[in-house]
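In case you want the letters, here they are:
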Amino acid sequence: MKIQCSCGAKYALDVSPEMANAPVRFVCPACGLDSSDFVNDLVRQELGLSASAASVVPAVQPKLQS
């Protein structure tokens, strides 16, 4: 899965089923934005699971990279 932070930094993550049980912590090394909840929701979508209802989306969402 590829993501792009709002600061423009691009990242690629390998999604695995274990990530559904052990959420990842994602803080952009370039700008420090904590997008953990957003990334974990994307991981759940990739795995075909429902997104958590309690997740909080960052004020500035990272853009998905095609």
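Here the structure is shown first, and the text comes after it.
Residues numbered from 1 in each chain as written. Predicted model: local features only at pLDDT ≥ 70, side-chain atom pairs only at ≥ 80, totals over all residues. Heavy atoms only, no water.

(A) A look at the pattern of salt bridges. On inspection of all chains with the given rule, the structure shows 2 salt bridges. For Asp34, the salt bridge goes to Arg25, with nearest N and O atoms at 2.9 Å. Assessed through its relative accessible area of 65%, Arg25 is described here as exposed. (Salt bridge = Lys/Arg side-chain N within 4 Å of Asp/Glu carboxyl O. Buried < 20%, exposed > 50% of the residue type's maximum accessible area, 1.4 Å probe, protein only.)

(B) Summary view of the nonpolar core. Counting 12 residues, the largest nonpolar core consists of Ile3, Cys5, Ala9, Tyr11, Leu13, Met19, Phe26, Cys28, Phe38, Val39, Leu42 and Val43. Discounting chain neighbours no more than four positions away, the residues touching Val43 are Met1, Val15 and Met19. (Core = buried A, V, L, I, M, F, W, Y, C linked by side-chain atoms within 4.5 Å. Contact = heavy atoms within 4.5 Å.)

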